[in-house]
Amino acid sequence: MPKESLERNKMTPNRPAASSNWLALQKTLGTKNTSKQDLSVERSQKRRKLEHLPSSSHEVSRKHHASQLVPKREESVTNQDDIRNGESLSALRRMIAGESTFTDQQKLPGKYLALDCEMVGVGVDGTESSLARVSLVNFYGAIQLDEFVRQRERVVDYRTRYSGIRETDMIKAKPFDEVQKKVAELLKDRILVGHAVYNDLKVLLLSHPRPMTRDTQFYAGKHKVVKSKYVALRNLVKQELDVTIQGGEHSSVTDARATMGIFRLHRKEWEKGTKLLSQAKKRKREEGAVDDDAEEEGKGEAEVETSTSTFPGGGRKGVSSGLTTIVRRGPGALGREKKKWWKGVLSSKGSMT
């Protein structure tokens with residue numbers, strides 16, 4: 001048998017040839033198997049990703065949550081340190097710096113008004129002080145009045161390095177009477193807050209009821225906030241609020257806000273003392289009124305009748321009630337003729353001659 005035929009027999013096994021239908025079926029089955037294998041691979045890859053992602057995302061979220069918690073704790077600590085006597089120190093500092101924003105309600109005058117004034121020098125060598133600027137702010141630091149006052153005398157020294165007032169500020173200045181009237185209207189039935197406020201009232205030629213006045217200089221010394229009895233406003237503000245004011249030119253608006261800031265910081269304690277004092281005075285007045293009523297009720301009806309019969313016009317003995325005129329006469333005055341004393345003198349002179 002030749003070699004070529006043997007090789008053909010080895011290479012091709014003894015089996016029938018596949019039909020065309022079988023070949024087509026094998027092709028379809030092969031594509032399905034490959035698609036199933038691809039899907040299983042993709043699913044396994046997704047499963048691995050899902051198994052890996054939760055741990056990493058959980059760690060990231062946990063780290064993110066922890067990073068958010070740290071600032072909150074720090075903020076809570078700083079907020080606790082920032083609050084003093086129910087007031088926020090940072091809010092008071094912003095108010096003094098003029099950085100606060102106000103609602104429509106907070107722009108109204110309200111119950112408390114802080115006053116501060118600036119002076120200029122007049123007279124010989126500018127030693128006499130004259131009112132040049134008046135500022136009023138409410139409880140929240142909103143400006144209620146800020147006016148320059150026209151001078152009646154020649155200004156010798158504007159004291160710009162202290163007062164912050166210049167000659168150009170006098171262009172739009174208003175007469176003293178007009179500014180005084182506005183201040184009086186605003187302060188009516190309101191509590192006045194000021195630092196050594198009697199000086200401001202003195203230059204304004206105004207007075208204010210003492211129970212309606214809160215002098216931060218007086219209260220700071222009374223309640224032992226500072227050792228000095230007459231502490232300067234800049235020192236008090238530096239001690240209590242750690243804010244520097246009056247470093248250069250003064251501003252009556254800034255000083256009024258600083259005064260209100262000091263008052264707000266100690267308002268609960270200072271107002272408690274004034275309330276107790278007013279209640280004690282009221283109780284004393286009521287007790288006095290009760291005693292007077294009791295004394296009047298204790299009088300008998302007979303005493304009342306005798307007093308009215310003795311003094312028909314009412315009132316006390318020897319004092320006219322205004323209803324009648326009291327005429328005092330001696331005993332037997334009625335019916336007595338007036339004695340002509342000069343006739344006796346003339347007759348005596350005639351007898352001597």
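Scoring rules and cut-offs
For every chain, the first residue of the written sequence is number 1, and numbering continues from 1 onward in sequence order. Totals for whole chains, interfaces and linings use every residue, but because this is a predicted model, local features are given only for residues with pLDDT of at least 70 and side-chain atom pairs only at 80 or more, for both listing and counting. Neither water nor hydrogens contribute to the side-chain values; these are computed over all heavy atoms in the structure. For helices the rule is a DSSP run of H or I covering at least 4 residues; for strands it is a run of E covering at least 2, with both sets numbered from the N terminus onward. Relative accessibility thresholds used throughout: buried, under 20% of the residue-type maximum; exposed, over 50%; partly exposed, between the two (1.4 Å probe, protein chains only). Note on contacts: a residue pair qualifies if any of its non-hydrogen atoms lie within 4.5 Å across the two residues. Surface exposure here means Shrake-Rupley accessible area, sampled with a 1.4 Å probe, where a residue is shielded only by the protein chains that are shown. For the purpose of counting charges, residues Lys and Arg are taken to be positive, whereas Asp and Glu are taken to be negative. His and the chain ends are not included. Salt bridges, as used here, are contacts in which a Lys or Arg side-chain nitrogen is within 4 Å of a carboxyl oxygen on Asp or Glu. Any pair of N or O atoms that falls within 3.5 Å is considered a polar contact. Within protein, one atom must be able to donate a hydrogen and the other to accept it, and sequence-neighbouring residues count only if both atoms are side-chain atoms. Definitions used for this entry: grid spacing 1 Å over protein atoms alone; cavity, a set of points where a 1.4 Å probe fits but cannot get out; pocket, an open set with protein on both sides within 12 Å along at least 5 of 7 lines; lining residue, one with an atom within 4 Å of a point. Grid points are joined across faces, edges and corners, and a volume is the space filled by probe spheres set on the points. Ten residues, namely Ala, Val, Leu, Ile, Met, Phe, Trp, Tyr, Cys and Pro, are considered nonpolar, four, namely Asp, Glu, Lys and Arg, are considered charged, and the remaining ones, Gly among them, are considered polar. The pairing criterion for strands is at least two bridges between them, as found by DSSP. Every crossover in which the path from the first strand over the helix to the second runs clockwise, viewed with the strands pointing away from the viewer, is termed right-handed. This arc is built from the directions going out from the helix axis to the C-beta atoms. Two distance rules govern patches: like charges are joined within 9 Å, and nonpolar side chains (Val, Leu, Ile, Met, Phe, Trp, Tyr) within 5 Å, applied only to residues with over 30% relative accessible area and no salt bridge.

Draft legend 1. Spotlight on the overall build of the protein. Helix and strand content of the protein: 11 helices and 8 strands. A total of 353 residues make up the protein; the buried ones form 27% of that total. Partitioning the intrachain contacts of the protein with sequence separation of at least 6 by distance along the chain shows that 61% fall at a separation of at least 24. Accessible surface for the protein amounts to roughly 26,200 Å². Of this, 53% is attributable to carbon and sulfur atoms.

Draft legend 2. Summary view of the side chain of Arg 257. One can find Arg 257 in helix H9 (residues 252-298). An unpaired buried charge is present at Arg 257: no salt bridge exists, and Asp 146, the closest side chain of opposite charge, is 8.6 Å distant. Within the structure, the side chain of Arg 257 is placed 2.8 Å from the backbone oxygen of Gly 141, a separation counted as a polar contact. Setting aside chain neighbours within four positions, we find Arg 257 in contact with Met 95, Ile 96, Gly 98, Val 137, Gly 141 and Ile 143.

Draft legend 3. Representation of the layout of surface pockets in the model. Size it by volume and the second largest pocket reaches roughly 460 Å³. Along the wall of the second largest pocket there are 17 residues; nearest its centre are Asp 116, Cys 117, Gln 246, His 250 and Asp 255. Broken down by secondary-structure element, the contributors of at least two residues to the lining of the second largest pocket are strand S3 (112-122), helix H4 (160-163), helix H6 (197-204) and helix H8 (233-241). Ranked by the residues each element gives to the lining of the second largest pocket, the list is headed by S3, at 4 residues. Within the lining of the second largest pocket, the residues separate by chemical class into 6 nonpolar, 5 polar and 6 charged.

Draft legend 4. Representation of the pairing of strand S7 (residues 191-194). Residues Ile 191 and Val 193 line one face of S7 and the alternating positions Leu 192 and Gly 194 line the opposite face, and both faces are buried. Of the strand pairs in this sheet, S7 and strand S8 (residues 213-215) are connected by 3 bridges, and their pairing is parallel. Across the sheet, Val 193 pairs through a bridge with Arg 214, a residue of S8. The parallel pair S7 and S8 is bridged by H6, and the resulting crossover is right-handed.

Draft legend 5. Structural context of the pattern of salt bridges. Counting across every chain of the model gives 10 salt bridges. Linking Arg 264 and Glu 87 is a salt bridge whose minimum nitrogen-to-oxygen distance equals 2.9 Å. In this pair, Arg 264 is assigned in helix H9 and Glu 87 in strand S2 (residues 87-88), connecting sequence segments 177 residues apart. In this pair, the class of Arg 264 matches that of Glu 87, namely buried. A salt bridge links Asp 177 to Arg 152, with the nearest nitrogen and oxygen atoms 3.4 Å apart. You can see Asp 177 sitting in helix H5 (residues 176-187) and its partner Arg 152 sitting in the loop between strand S5 (143-148) and strand S6 (155-157), a full 25 residues away along the chain. Because the salt bridges share partners, they merge into one network encompassing Glu 147, Lys 174, Glu 178 and Lys 182.

Draft legend 6. Quick peek at H6. Within the span of H6, buried status applies to Val 197, Asp 200, Leu 201 and Leu 204. Take H6 and look down its axis: the buried residues cluster within an arc of 95°, on one side only. Next to the buried residues of H6 lie S3, strand S4 (128-138), H5, S7 and S8. Leu 205 sits one or two residues past H6 and shows a positive phi near 55°.

Draft legend 7. How the structure looks around unusual backbone geometry. Unusually for a residue other than glycine, Arg 159 sits at a positive phi of about 55°. One non-glycine residue, Leu 205, lies in positive phi territory at about 55°. Residue position: Leu 205 is located in the loop between H6 and S8.

Draft legend 8. Region of the structure containing a nonpolar patch on the surface. A surface patch of nonpolar side chains, about 380 Å² in accessible area, is lined by Trp 22, Leu 23, Leu 25 and Leu 29. In this structure, Leu 23 sits in helix H2 (residues 20-82).

Draft legend 9. View of the pairing of S5. Two strands pair when backbone bridges link them, and S4 and S5 are joined in this way by 5 bridges, in the antiparallel orientation. For Val 134, the partnering residue across the bridge sits in S5 and is Glu 147. Linking two consecutive strands that pair antiparallel, namely S4 and S5, is a turn of 4 residues; a positive phi of about 90° is found at Gly 141 within it.

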